[in-house]
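# Inside the fold
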Amino acid sequence: MTQRKPNQPVISKHNKPSNRKREQSAVNHKAWLRHHRDTALDSLLRLVRQPVSSALTWLVIAISLTLPTLFYLALTSLQQQTVQWQEGGQITLYLRQTVSEADGERLTDELNARAEVLRAHYISAEEAWASFRETLNLSRSPFATENNPLPASIVVIPTQQNNQQLEVLRILIDGLPEVEEVQLDLAWIERLNRFIDLIYRIVAGLAALLGIAVLLVVGNTIRLAIESRKAEIQVVKLLGATEAFVRRPFIYLGLWYGLFGGLAAWMLVSLVIWWLSGPLAAFLSTYGLTAPIAWLSVFETLLLILAAILVAILGARIALWRHLKDAEPQ
Amino acid sequence: MIRFDQVSKRYEGGHEALSSVNLHIQKGEMVFLTGHSGAGKSTLLKLITRTETCSSGQVRVNNQLLHRISRRQVPFFRRHLGIVHQDHQLLMDHTVYDNVALPLVIAGEHPKDISRRVRAALDKVGLLKREKYRPIQLSGGEQQRVGIARAVVKKPVILLADEPTGNLDPALSKDIMNLFAEFNRVGTTVLIASHDLGLIARLNYRVLSLNQGKLMTTPFDGAQS
Ligand SMILES: Nc1ncnc2c1ncn2[C@@H]1O[C@H](COP(=O)(O)OP(=O)(O)OP(=O)(O)O)[C@@H](O)[C@H]1O
Ligand SMILES: [Mg+2]
């Protein structure tokens, strides 16, 4: 290795970069901003000047982002729907014969007061018997006068039907001494929720995979850009360009790809929604259901574009990290 | 300004391009470096620009010990140097003006200063009228002069040139050398690697001669401390 004499200053005071930096910090700050602006513009121009090849890159980004976004939209609207649909789901509590009508009413009021309960409705033994006979057309049959075998019951409609809250409600009901038997009409909602959880996971996994795809696509595009400007990089490095200076145009290139890709993804998503919403509404109306309003909110749109930009910049950084070493001056 | 103490450079393949080189070039000197092909001229210049690092010994340039400079400081060190290459290394998709402005842009100079200094540098090499051209539209000699303008635009303390006249005819070569001499007269330290012995002989400057990586001429004795 090299011989080093002790006590020798690393660099003379006069040339020490940090000193120079402090002296010129105001000037440098402006120059730095100016260079950022110029580089951003220059990278944008480069991208615009090669519309076909750059469009390929940001279209791939757009498509990779469109798929998970659509799935996400479908899921969130499905979840909103299950909140509506759950009104069809209910819990029936059959009360013991020993519970008086007054006690039954009181219990109903208690249940109504709970947050987990949207509505509780008391059905006395007589009411149940009457409606039973009516449905079976027994009013004139000899059974009509026989003793009523039906118990009184309370019909409970839960407020929210995610699995935890259902569980809380179930524990509560199971602990009630007045209740003889519980009949749950909610199994299908629970299954639907489980299914949605599963799909959420699949969508998250898919989004991660496609995110990696964006990373690779941008990485590869930036790698090619680095390669094509290798001579230029070597020259500016010999002229005293810092790493940051050399990286900047490529980071901005990534930023623009991300921005264009994100915007294109947003347009694709809107197009698909527009394309599907008519037939979907028609389809759902045959089941007596209203179609969900699935549209990206402003916040979600910004999030989508921001995610595209961040992933693209990350891709650019990875490409720079891997390939800038090859562009050291010779 | 430039000082080598027992500097050796062994490349990865094991080839020793420089062995135990001692030299001292003083501030304001103009020195030629000659030697056969493969003697190690370019290697010596690369050690000065810290494109390569020496295997042993120490290199001191502009009062800085090069092996002590961190990677982050290298760009700031290089901003004190002006470098001219044989193949001029201009950016072909930029104008002459932009090429010459590059060192100033990198250093973050103000656009107003930049245009003034670029014009001054182009004026000195006689290419003021060509500022909007692309390098490809210029002759070999003109391209080389653009390369020189770029090297001197930031008023470097040291001007290094590797075979600056390699591709040029004798008349043009002489012009280029005169240009270097002019910069030297205003105080720039100049080191030129060249094997154009005829040209060097006619100019009256100190000559360092490399042979198989060894320095033949004794270092500038008066400067030895
Ligand atoms: N990057 C490298 N890796 C390995 N060996 C190298 C490298 N660069 C140069 N060499 C070797 O070092 C020796 C000196 O090379 P150098 O380029 O310094 O010679 P030179 O004097 O500039 O020659 P020329 O006049 O032909 O330009 C040569 O033998 C060359 O093969
Ligand atoms: Mg050489």
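Residues numbered from 1 in each chain as written. Chains lettered and ligands numbered in written order. Predicted model: local features only at pLDDT ≥ 70, side-chain atom pairs only at ≥ 80, totals over all residues. Heavy atoms only, no water.

### Quick notes on the overall build of chain B
Here is the rule: Note on conventions: DSSP H or I runs of at least 4 residues are helices, E runs of at least 2 residues are strands, and numbering of each starts at the N terminus. To get the radius of gyration, use the C-alpha atoms; to get the globule rule, take the number of residues to the power 0.38 and multiply by 2.2 Å. Think of it in three bands: residues with accessible area under 20% of the maximum for their type are buried, residues over 50% are exposed, and the middle band is partly exposed, with areas taken using a 1.4 Å probe on protein chains only. Each accessible area is a Shrake-Rupley estimate made with a 1.4 Å probe; only the visible protein chains count as cover when residues are assessed. The convention is simple: Lys and Arg are positive, Asp and Glu are negative, and His and the chain ends are not counted. Working definition for charges: the position is that of NZ of Lys, CZ of Arg, CG of Asp or CD of Glu.
Helix and strand counts for chain B stand at seven helices and 10 strands. Taking 17 Å as the expected radius of gyration for a compact globule of 225 residues, we find that chain B reaches 17 Å, a close match to that expectation. On the principal axes, the C-alpha backbone points of chain B span a range of 45 × 40 × 35 Å. When each of the 225 residues of chain B is scored for burial, the buried share is 56%. With an accessible surface of roughly 9900 Å², chain B has 48% of that area assigned to carbon and sulfur atoms. Across chain B, the 31 positively charged side chains and the 20 negatively charged ones have centroids separated by 6 Å.

### Notes on the overall build of chain A
Cut-off, in case you're wondering: Only heavy atoms matter for contacts: two residues are in contact if any of them lie within 4.5 Å across the pair.
The number of helices and strands found in chain A is 10 helices and four strands. Counting from the amino terminus, chain A carries its helices and strands in the arrangement α-α-α-β-α-β-α-β-α-β-α-α-α-α. Across chain A, every contact between residues at least 6 apart in sequence was considered, and the portion connecting residues at least 24 apart equals 82%. Accessible surface, chain A: about 19700 Å² in total, of which carbon and sulfur atoms supply 63%.

### Some words on the pairing of strand β6 (residues 81-84) of chain B
Remark: a regular strand shows side chains that alternate across the two faces of the sheet. All names here are of chain B. Inclusion rule: Two strands qualify as a pair provided that DSSP identifies no fewer than 2 bridges between them.
Of the two faces of β6, the one holding L81 and I83 and the one holding G82 and V84 are both buried throughout. Alignment of β6 against strand β7 (residues 158-162), held across four bridges, turns out to be parallel. Pairing of G82 across the sheet is with L159, part of β7.

### Quick word on the domain arrangement of chain B
Residue and element names in this part refer to chain B. Keep this limit in mind: Segmentation of the chain into domains, including their bounds, is taken from an automatic or database domain assignment. Here's the idea: put two parts together, see how much 1.4 Å probe accessible area each one loses, and the total over both is what we call buried area. Here a salt bridge means any side-chain nitrogen of Lys or Arg lying within 4 Å of a carboxyl oxygen belonging to Asp or Glu. Polar contact is defined as a pair of N or O atoms within 3.5 Å, subject to the rule that within protein one atom must be able to donate a hydrogen and the other to accept it, and that residues adjacent in sequence are counted only when both atoms are side-chain atoms.
Its domain assignment divides chain B into domain 1 (1-80 + 157-223) and domain 2 (91-155). When each unit is reduced to the centre of its C-alpha atoms, the spacing between domain 1 and domain 2 is 24 Å. Each side of the interface is counted separately: domain 1 has 10 residues, and domain 2 has 13 residues. Between domain 1 and domain 2, roughly 1000 Å² of surface is buried when both sides are summed, and carbon and sulfur atoms account for 73% of that area. In terms of surface lost to domain 2, no three residues of domain 1 exceed R79, L179 and F183, which account for 48% of the buried area on that side. Taken together, the links from domain 1 to domain 2 amount to zero salt bridges. Counting the contacts that link domain 1 with domain 2 gives one residue pair in polar contact (both at pLDDT 80 or more).

### Overview of the sheet that holds strand β8 (residues 189-193) of chain B
Residue and element names in this part refer to chain B. Keep this limit in mind: Orientation is described by lines fitted to C-alpha atoms, with helices fitted over the stretch in contact, and by angles between N-to-C directions that extend from 0 to 180 degrees.
The sheet built from six strands is open, its strands ordered β6-β7-β8-β3-β9-β10 with mixed pairing. Edge positions in the open sheet fall to β6 and β10 (214-215), since each of these has one partner strand only. In the packing of helix α6 (residues 170-185) onto the sheet, the strands contacted are β3 (30-35), β6, β7 and β8, and the crossing angle to β3 comes to about 140 degrees.

### Quick word on the site of ligand 1
All names here are of chain B. Test applied: Here a residue counts as near a molecule or strand whenever at least one of its heavy atoms sits within 4 Å of it. Any residue outside Ala, Val, Leu, Ile, Met, Phe, Trp, Tyr, Cys, Pro, Asp, Glu, Lys and Arg is labelled polar, Gly included; the first ten of those are nonpolar and the last four are charged.
For ligand 1, the set of nearby residues contains 13 residues, the closest of which are S37, G38, K41, S42 and T43. Taking A39, its main chain carries an N or O atom lying 3.2 Å from an oxygen atom of ligand 1. Within the complex, the protein chains bury 63% of what would otherwise be the 630 Å² of accessible surface of ligand 1. Broken down by element, the shell around ligand 1 gets its largest block of residues, three residues, from helix α1 (residues 41-48). Residues belonging to the shell around ligand 1 are distributed by class as follows: three nonpolar, eight polar and two charged.

### Observations concerning the domain arrangement of chain A
In terms of domains, chain A is made up of domain 1 (35-84 + 191-327) and domain 2 (89-185). When each unit is reduced to the centre of its C-alpha atoms, the spacing between domain 1 of chain A and domain 2 of chain A is 53 Å.

### Observations concerning the sheet that holds strand β1 (residues 2-10) of chain B
Residue and element names in this part refer to chain B. Here we have four strands laid out as an open sheet, ordered β2-β1-β4-β5, and antiparallel in their pairing. This sheet does not close on itself; its edge strands, each paired only once, are β2 (16-25) and β5 (64-65). Direction of pairing for β1 relative to strand β4 (residues 56-61): antiparallel, over a ladder of five bridges. Residue pairing across strands places F4 opposite V59, the latter belonging to β4.

### Some words on the packing of helix α3 (residues 96-106) of chain B against helix α4 (residues 111-124) of chain B
Residue and element names in this part refer to chain B. Rules: The labels follow the angle: roughly parallel below 35 degrees, roughly antiparallel above 145, roughly perpendicular from 65 to 115, and oblique for the rest. Helix crossings get a hand from a simple test, with the near helix turned counterclockwise from the far one by less than a right angle marking a left-handed crossing and a clockwise turn marking a right-handed one.
Contact geometry of α3 with α4 gives a least axis separation of 9 Å together with a crossing angle of 120 degrees. As far as their axial angle goes, α4 and α3 are oblique. Once α3 is placed against α4, the crossing between them reads as right-handed. Every residue of α4 that contacts α3 at V96, Y97, V100, A101, L104 and V105 is listed here: I114, S115, R117, V118, R119, A121 and L122. For the contact of α3 with α4, the per-class residue count stands at 10 nonpolar, one polar and two charged.

### Quick word on the interface of chain A and chain B
Taken together, the 31 residues of chain A in the interface contact 37 residues of chain B. Summing both sides of the interface, chain A and chain B together bury roughly 3100 Å²; the carbon and sulfur share of this comes to 56%. In this structure, the connection of chain A to chain B is made through one salt bridge. Measuring nitrogen to oxygen at the nearest pair gives 3.9 Å for the salt bridge that ties A:E243 to B:R71. Here chain A and chain B share three residue pairs in polar contact (both at pLDDT 80 or more) between them. Those elements that place two or more of their residues in the side of chain A that touches chain B are α1 (17-23), α2 (25-49), α8 (230-238) and α9 (243-285) of chain A. Take the side of chain A that touches chain B: its biggest share by element is five residues, from α8(A). Split into classes, the residues belonging to the side of chain A that touches chain B amount to 13 nonpolar, nine polar and nine charged.

### Structural notes on the pattern of salt bridges
Across all of its chains, the model carries 21 salt bridges over all chains by this definition. A salt bridge links A:E328 to A:K237; the nearest nitrogen and oxygen atoms lie 2.7 Å apart. With A:E328 in the segment after α10 (298-323) and A:K237 in helix α8, the pair connects residues that are 91 residues apart, well separated along the chain. Residue B:D113 pairs with B:R116 through a salt bridge whose shortest N-O separation is 3.4 Å. With B:D113 and B:R116 both in helix α4 and three residues apart, the pair spans about one turn of that helix. Owing to a relative accessible area of 53%, B:R116 belongs among the exposed residues under this scheme. Residues joined by salt bridges that share partners form a network here, namely A:K237, A:E243, A:R247, A:E328 and B:R71.

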